[in-house]
There are 2 protein chains.
Amino acid sequence: MNIYDISKLAGVSTATVSRVINGFDNVKPATREKVLSIIASQGYTPNAFARGLGLNSMKTIGIMCADSSDMYLAKAVYYIEGALRENGYHCILTCTGYERKSQRESMEMLMSQHVDCIILAGSIFIDKDNSNNKYIYKAADSVPIMLLNANLDHKNIYCISCDDSAAMEKATEFLIDNKRNNILYLYNSNSYSATRKLSGYRHAFEKKGLKCNEDYIRYFNGTSKDLEKVCGFVTELADKGLKFNGVVASEDFLAVGALKYAVRKGIKVPKDLEIIGYNNSVLTVCTEPELSSVDNQLETLCTNLVRICIGALSGESMPQKTVFNGELIHRSTSASSRKTK
Amino acid sequence: MNIYDISKLAGVSTATVSRVINGFDNVKPATREKVLSIIASQGYTPNAFARGLGLNSMKTIGIMCADSSDMYLAKAVYYIEGALRENGYHCILTCTGYERKSQRESMEMLMSQHVDCIILAGSIFIDKDNSNNKYIYKAADSVPIMLLNANLDHKNIYCISCDDSAAMEKATEFLIDNKRNNILYLYNSNSYSATRKLSGYRHAFEKKGLKCNEDYIRYFNGTSKDLEKVCGFVTELADKGLKFNGVVASEDFLAVGALKYAVRKGIKVPKDLEIIGYNNSVLTVCTEPELSSVDNQLETLCTNLVRICIGALSGESMPQKTVFNGELIHRSTSASSRKTK
DNA sequence: ATTTTTTTTGTAAGCGGTTACATTTTTTGT
DNA sequence: ACAAAAAATGTAACCGCTTACAAAAAAAAT
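Please read these numbers as outputs of a predicted model, since none were measured by experiment.

(A) Spotlight on the layout of surface pockets. Its volume calculated, the second largest pocket comes out at about 860 Å³. A:Met111, A:Ser112, A:His114, B:Thr45 and B:Pro46 are, among the 29 residues lining the second largest pocket, the residues nearest its centre. Elements supplying a minimum of two residues to the lining of the second largest pocket: α6 (100-112) and α7 (134-142) of chain A together with α2 (14-21) and α4 (48-55) of chain B. Partitioned by chemical class, the residues of the lining of the second largest pocket number 13 nonpolar, 11 polar and 5 charged.

(B) Just unusual backbone geometry, in detail. Residue A:Val269 is joined to A:Pro270 through a cis peptide bond whose omega torsion reads 10 degrees. Looking at where A:Pro270 falls in the secondary structure, it is placed in the loop between α11 (252-265) and β9 (274-278). Cis rather than trans, the peptide bond between A:Glu288 and A:Pro289 has omega equal to 0 degrees. Positionally, A:Pro289 belongs in the loop between α12 (283-286) and β10 (292-295). Residue B:Gln297 is not a glycine yet carries a positive backbone phi of 60 degrees. Locating B:Gln297 in the fold gives a position in the loop between β10 (292-295) and α13 (298-313).

(C) Examining the protein's contact with DNA strand C more closely. If you check the shell around DNA strand C, you find 26 residues, and the closest are A:Ser13, A:Arg19, A:Thr31, B:Ile3 and B:Ser18. Restricting attention to atoms of DNA strand C within 4 Å of the protein, one finds that 66% of them are sugar or phosphate atoms. Within the contact set of DNA strand C, a phosphate oxygen lies 3.0 Å away from a side-chain nitrogen or oxygen of A:Thr16.

(D) Molecular detail of the relation of the copies chain A and chain B. Superposition record for chain A on chain B: RMSD 0.2 Å, screw rotation 180 degrees, translation along axis 0.1 Å. Here the two chains are linked by the operation of a two-fold rotation axis. Every residue of chain A has its C-alpha some distance from the rotation axis, and the shortest such distance is that of A:Ile92, at 2.2 Å. The share of interface residues of chain A whose copies in chain B are also at the interface is 100%, consistent with both copies meeting through the same surface.

About the criteria used
- Residues numbered from 1 in each chain as written.
- Chains lettered and ligands numbered in written order.
- Predicted model: local features only at pLDDT ≥ 70, side-chain atom pairs only at ≥ 80, totals over all residues.
- Heavy atoms only, no water.
- 1 Å grid on protein atoms, 1.4 Å probe; cavity = no way out; pocket = protein on both sides within 12 Å on 5 of 7 lines; lining within 4 Å.
- Points joined across faces, edges and corners; volume = space filled by probe spheres on them.
- Helix = DSSP H or I, 4+ residues; strand = E, 2+ residues; numbered from the N terminus.
- Nonpolar A, V, L, I, M, F, W, Y, C, P; charged D, E, K, R; others polar.
- Near = heavy atom within 4 Å.
- Polar contact = N/O pair within 3.5 Å; in protein donor to acceptor, adjacent residues only side chain to side chain.
- Least-squares fit on C-alpha atoms with pLDDT ≥ 70 in both.
- Contact = heavy atoms within 4.5 Å.

Given below as structure tokens:
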């Protein structure tokens, strides 16, 4: 059943059927009705390939992310997909893992699918020294690229991010103001936003006229699957003599690991140790006491990303960089003696 | 840049170029080399629409799930997408939410995209009384349908699931054997697998010759976002006088909520209350003590689903129903006095 | 009533591949 | 060296839709 069959049944040309399908207004109402009824009675749906061939667009957008099972990225994908669907777009999802090669391959795959736009959810894809981003620039020459929580300069690349630096600075500052003089910083990634977070941590000390002790900045090599190991990692740091009365982490699971350590050692939280995570994920409410965390407004980021994406695709002029602010959410692992909000 | 341009540059016909691209073996090595070098030098990629039009397949598979930000479904999508990509397939992801209407629309959308197969990840789509599944059967007439954790009879529908009933029975039985006489059952869904789990709970009592007290079966209306409410819900049950010394839940977050209640009330876990969750998600290791849970082998389910899917697409005869066993993972909320494994 | 303008409809040429079939080239057999 | 078989290549129709342009029909203007 194709457009030709429909046109025969309706006694009109394929052009007219096409016009009806695409909602053109230059069709006589009576004709439109007839065609529509035939289409409905035959249960006809246009062939998307043929349409794509003609229009060179299938209203499809590619989403790349390193790992869609990561809680944060899964949410990002969910919000993005939902917003795109509302705008009549379909999503091809591809998870690239954390290796550059597979990231490049994914992008090539999406390009060969002639997606209308590519969204990079998560900044793992970006080389900070810009050495290896050629394939992104190349793609950007033919299709707009949306970057979530990342940054790259190109006239066809749009960046939407949370000011992670400012947010982390706020969190750290909160602890400093609370007389926490030794604040452990845990992180597990060197992505763009992770780097920004770390610089926020450093800024906080600078701002207060304090010196940031590099010994308190610790890299943990693992993901949320390794939560138990995080606890061991922190315990080991403490056993080795590192004294700390505050923890800020670049991701919630790291903070949960630190909290585990505290609970097991019987350390009073937040009295003797304050802990602040990042992302404000479900994990924050699983623990007892519940974890304070920075909310980086993922939903807002995603809906705006899609808004800008749709705008750019329809030729409107859209802002190249869009930045939102994070928010510190106080629960039970940060001392609420001070104003919370 | 299209196949015609390449053929000109290489001094061969489009048919030959096409043969090279598709890896046919009836091309003279020298010719193949020349064509490949031209393709590489021009950075040419075939137009997927045109190819799709010709083959009536874009090597694309649709994945439907209610909510890809749900931790369990996010993992499912991740595993499925990865396995499909390894087999050269692309994935169109669509999240339907929990309403029938949007589910039907998603499916129609995928059909109009001429996907080669549709995967329903999660059984929310299935009406138990089979009253409203017509659209699924209709789709199955033209394309194979894969059901994860669900069940439907049709010659073109393949079902892959965990025997949730048996797994839940095992968990419940464990508690009964541990002299837990009042076991609260928490659930929040009426999907196929949720129903199966509940029947497993009931079977356990039957098997032991005990009567299952319906008063202990409680429905909580919410998702993991409402974790705090779960705790309130359980607290309220206790306050109303319901006595229980065991909890099994159809999802981990419900168990975490129950655990929260216990921790706050100072109830000793597992001594005075044993708790077992379901899905073996990250949540299980966030809590202190850590949560025992049933692992329903999601990765195995997904890789097998894809294996069967690929097989079916290439015309092989594949099993209509595939069932795996779940496994009870003991952590610190179940008494390990007995053998744990 | 005739001409002009506007609206509606039709014709046919793409879009960029695949592939059945025809043709040419190469290899093999005698 | 020549015929037969096999391998390599080319030709052109086809997939199902869109759309520029042409043509016909309807409406408006004279």
